[in-house]
Amino acid sequence: MQDTYIWHKHHLYRRQIIIVLLLLLPAFGFGQRNAMQNDFKYHTKKYHFGIVLGMGFGDYRIRQNALFAQSDSILSIRSKHGVSFGIGALASYHINRHIEFRTLPGFLFCDKDLTYEFSDGTIVKKTLPQVYFDFPFEMKFKTEPLKDIKLYLIAGVKYGFDLGASFKGRKDRDMPLQLRHDFGINYGVGMEIHLPLFILSPEFKVFNSVLNIHQPNNELIYSKYMKGLYNRNFCFSLIFEG
């Protein structure tokens, strides 16, 4: 009797699951059809716009000078990764179905550290808050769609202007100075997810500066041993394209 009850109960559950799946199938089909229509809409437009939200981390690439090699008072200068946050806009021009030219002007907020270790055991950390207004220009190369997903590669250049250079803490007499202007190379990968109403693009990108932002000052111990400072950032972004 118990076996009959259990079998009847499982049969009812199985029938309920089948009914739910049948009800959901049209919804899946409708969503896929809208995704295909959404993809076609972007193919036929010459340009589109979006919003960019990003988080990541950044540090400095440090180049020491000859004084560092000759000095017996300082052992090392290191840079520790600091957390970054970015917000911006997207404007993209469609060259063809697989290639776009785009720009993503926005603001990048990041605190970066320089840690100095001296021969007497003293360790000093200098925190440099950065607020960059970035203006990148990038090429985007997309694959054919796999259902409602496209993979892509990006490569380009970026100019940055450091608004944080005017902060009070950055003007302290014992703080290493940096130039306001920066320029470097962007590259990364991403994925377009074509949804019925918009495109969601998770993206990972690396920035390597080619411009030395260090401002030499041989009178300052925290500056005199460095030949160059170069920004390096790693960022994960969500782009909402409409």
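It should be noted that the structure appears before, not after, this text.
A brief structural summary. Because the structure is predicted, anything quoted here is derived from the model rather than measured.

Another aspect to go through is the overall build of the protein. Of the regular secondary structure elements, the protein holds two helices and 10 strands. Put simply, the protein runs from its N terminus to its C terminus through helices and strands in the order α-β-α-β-β-β-β-β-β-β-β-β. Here the protein holds 242 residues, and the buried ones make up 40% of them. For the protein, the share of sequence-separated contacts (at least 6 apart) that also reach a separation of at least 24 residues comes to 70%. Within the structure as shown, the protein displays about 14000 Å² of accessible surface, and the carbon and sulfur contribution to it stands at 68%.

Moving on, we get to the packing of aromatic side chains. Counted under the stated rule, the structure contains 10 aromatic pairs. Between the aromatic rings of Tyr-47 and Phe-49, the centroid separation amounts to 5.7 Å while the plane-to-plane angle is 65°, which identifies the pairing as edge-to-face. Looking at Phe-49, the relative accessible area reads 48%, which means it is partly exposed. With centroids separated by 5.3 Å and ring planes inclined at 55°, the aromatic side chains of Phe-107 and Phe-133 adopt a geometry described as tilted. Of this pair, Phe-107 sits in strand 5 (residues 106–118) while Phe-133 sits in strand 6 (residues 123–142), placing them 26 residues apart in sequence. Phe-107 gets classed as partly exposed once you look at its relative accessible area, which sits at 35%.

Counting buried positions along strand 9 (residues 199–209) gives 10 out of 11 residues, so the element sits mostly inside the fold. Sheet topology note: the strand 8 (residues 181–194)/strand 9 ladder contains nine bridges and is antiparallel. From the neighbouring strand, Gly-188 faces strand 9, where its bridge partner is Lys-205. Of the pairings in the sheet, the one linking strand 9 to strand 10 (residues 226–241) comprises 10 bridges and is antiparallel in character. Looking at the pairing, Ser-201 lines up with Ile-239 of strand 10.

We now examine the nonpolar core. By size, the foremost hydrophobic cluster in this structure holds 18 residues, and its most contacted members are Ile-74, Ile-77, Leu-114 and Tyr-116. Elements represented by at least two residues in this core include exactly strand 2 (74–80), strand 5, strand 6 and strand 10. Ranked by residues supplied to this core, first place goes to strand 5 with four residues. Beyond its immediate sequence surroundings of up to four residues, Ile-74 is in contact with Phe-68, Tyr-116, Glu-117, Phe-118 and Tyr-225.

Positive phi, normally seen in glycine, also occurs at Lys-147, with a value near 60°. With respect to the helices, strands and loops of the structure, Lys-147 is situated in the loop between strand 6 and strand 7 (149–162). Given a relative accessible area of 71%, Lys-147 falls into the exposed group.

As a further point, take empty space enclosed by the protein. What the rule picks out here adds up to four cavities of 30 Å³ or more. Of the voids in this model, the largest cavity is the one considered here, and its volume is about 330 Å³. Looking at the lining of the largest cavity, the elements with two or more residues in it are strand 1 (47–64), strand 3 (82–94), strand 5, strand 6, strand 9 and strand 10. The leading source of residues in the lining of the largest cavity is strand 10, at five residues. Across the lining of the largest cavity, the residue classes tally to 13 nonpolar, seven polar and four charged. When its volume is computed, the second largest cavity comes out at roughly 70 Å³. Taken together, Leu-108, Lys-112, Gln-130, Tyr-132, Asp-134, Lys-158, Gly-160, Asp-182, Phe-207, Asn-231 and Asn-233 make up the full set of residues lining the second largest cavity. Those elements giving two or more residues to the lining of the second largest cavity turn out to be strand 5, strand 6, strand 7 and strand 10. Looking at which element gives the most residues to the lining of the second largest cavity, the answer is strand 6, with three residues.

Scoring rules and cut-offs
- Residues numbered from 1 in each chain as written.
- Predicted model: local features only at pLDDT ≥ 70, side-chain atom pairs only at ≥ 80, totals over all residues.
- Heavy atoms only, no water.
- Helix = DSSP H or I, 4+ residues; strand = E, 2+ residues; numbered from the N terminus.
- Buried < 20%, exposed > 50% of the residue type's maximum accessible area, 1.4 Å probe, protein only.
- Contact = heavy atoms within 4.5 Å.
- Areas by Shrake-Rupley, 256 points an atom, 1.4 Å probe, with all protein chains shown as cover.
- Phe/Tyr/Trp six-rings, centres within 6.5 Å; stacked < 30°, edge-to-face > 60°.
- Pairing = 2+ DSSP bridges.
- Core = buried A, V, L, I, M, F, W, Y, C linked by side-chain atoms within 4.5 Å.
- 1 Å grid on protein atoms, 1.4 Å probe; cavity = no way out; pocket = protein on both sides within 12 Å on 5 of 7 lines; lining within 4 Å.
- Points joined across faces, edges and corners; volume = space filled by probe spheres on them.
- Nonpolar A, V, L, I, M, F, W, Y, C, P; charged D, E, K, R; others polar.

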